[in-house]
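Structure at a glance
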Amino acid sequence: MLSKALLKSFNDQINHELSSSYLYLSMAAYAESQNLPGFANWLKIQTKEETEHGMKLYKFINERGGRVELQKIEQPPMEFKSPTALFEEVLKHERKITVLINKLYELALEEKDYAAQVLLHGYISEQVEEEASATSILETLKMAGEKGHALIMMDRQLARRGQN
Ligand code: MG
């Protein structure tokens, strides 16, 4: 059985993951509106991954005899100043998720819940990757700029995600 505190935090985390999924879908819609199909591709894959993160927690709660409680998902922002501003938001968001995952892990340590700790190891590693990829794209956008050729090249690069 999960402790009451862990059950609540895992349910909260399902909401954070599904809210992330919704945020990235809104970002994808912005990219489509800007005629940036590669950016939209990258963001839609991100959406799918976040839903999977949420579903893994859903499965874990059920396996541990807990009750999944879905919470309200806020409306995500619809407009972004530029593709660079969008990736600044991605990075900011992933850093926020990292803090939440770390807090969840601290709770699992306090509660001596070893199974929860093992599950969370995957999430901790995932956050390192999430922050690294967002940082890398953001740095390239800042370096190359987001006008004309540079933006088209970046869009082509992001179009390749999920193709190999
Ligand atoms: Mg996630």
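Right, let's get into the coordination of the magnesium ion. Summarising the metal site, the magnesium ion is bound by the protein donors Glu17 (OE), Glu50 (OE) and His53 (ND1), whose distances to it range over 2.1 to 2.2 Å. A residue is classified by how much of its surface remains accessible, and His53, at 11% relative accessible area, is buried.

Here the focus is helix 4 (residues 114-144). Over its 31 residues, helix 4 runs 46 Å from end to end, which matches the ideal 45 Å to within 8%, given 1.5 Å per residue. Along its length, helix 4 shows its largest kink, about 25°, at Leu120. Regarding helix 4, the residues found buried are Ala116, Gln117, Leu119, Leu120, Tyr123, Glu126, Gln127, Glu130, Ala134, Ile137, Leu138 and Leu141. Residues of helix 4 that are buried sit in contact with helix 1 (4-33), helix 2 (37-63), helix 3 (83-110) and helix 5 (148-159). Two or three places before Ala115, at the start of helix 4, stands the capping residue Asp113, its side-chain oxygen 3.4 Å from that residue's backbone nitrogen. A positive backbone phi angle near 85° is found at Gly145, which sits one or two residues after helix 4.

Volume-wise, the largest pocket comes out at about 310 Å³. Elements represented by at least two residues in the lining of the largest pocket include exactly helix 1 and helix 3. Looking at the lining of the largest pocket, the element that brings in the most residues is helix 3, giving six residues. When grouped by side-chain class, the residues that make up the lining of the largest pocket number eight nonpolar, five polar and five charged.

Here we come to the packing of helix 3 against helix 4. In a pair of packed helices, the angle between the axes and the distance between the axes together describe the arrangement. Axis separation between helix 3 and helix 4 bottoms out at 9 Å; the angle between their running directions is 160°. Looking at the two axes, helix 3 sits roughly antiparallel to helix 4. Handedness of the crossing formed by helix 3 with helix 4: left-handed. For the contact of helix 3 with helix 4, the per-class residue count stands at 18 nonpolar, seven polar and six charged.

The rules behind the values
Residues numbered from 1 in each chain as written. Predicted model: local features only at pLDDT ≥ 70, side-chain atom pairs only at ≥ 80, totals over all residues. Heavy atoms only, no water. Donors = N, O, S within 2.8 Å, 3.2 Å for Na, K, Ca; no water. Buried < 20%, exposed > 50% of the residue type's maximum accessible area, 1.4 Å probe, protein only. Helix = DSSP H or I, 4+ residues; strand = E, 2+ residues; numbered from the N terminus. Expected span 1.5 Å × (residues − 1). Bend = angle between axes of the 7 residues up to and from the residue. Contact = heavy atoms within 4.5 Å. Polar contact = N/O pair within 3.5 Å; in protein donor to acceptor, adjacent residues only side chain to side chain. 1 Å grid on protein atoms, 1.4 Å probe; cavity = no way out; pocket = protein on both sides within 12 Å on 5 of 7 lines; lining within 4 Å. Points joined across faces, edges and corners; volume = space filled by probe spheres on them. Nonpolar A, V, L, I, M, F, W, Y, C, P; charged D, E, K, R; others polar. Axes fitted to C-alpha atoms, helices over the stretch in contact; angles between N-to-C directions. Parallel < 35°, antiparallel > 145°, perpendicular 65-115°, else oblique. Left-handed = near helix turned anticlockwise from the far one by under 90°.

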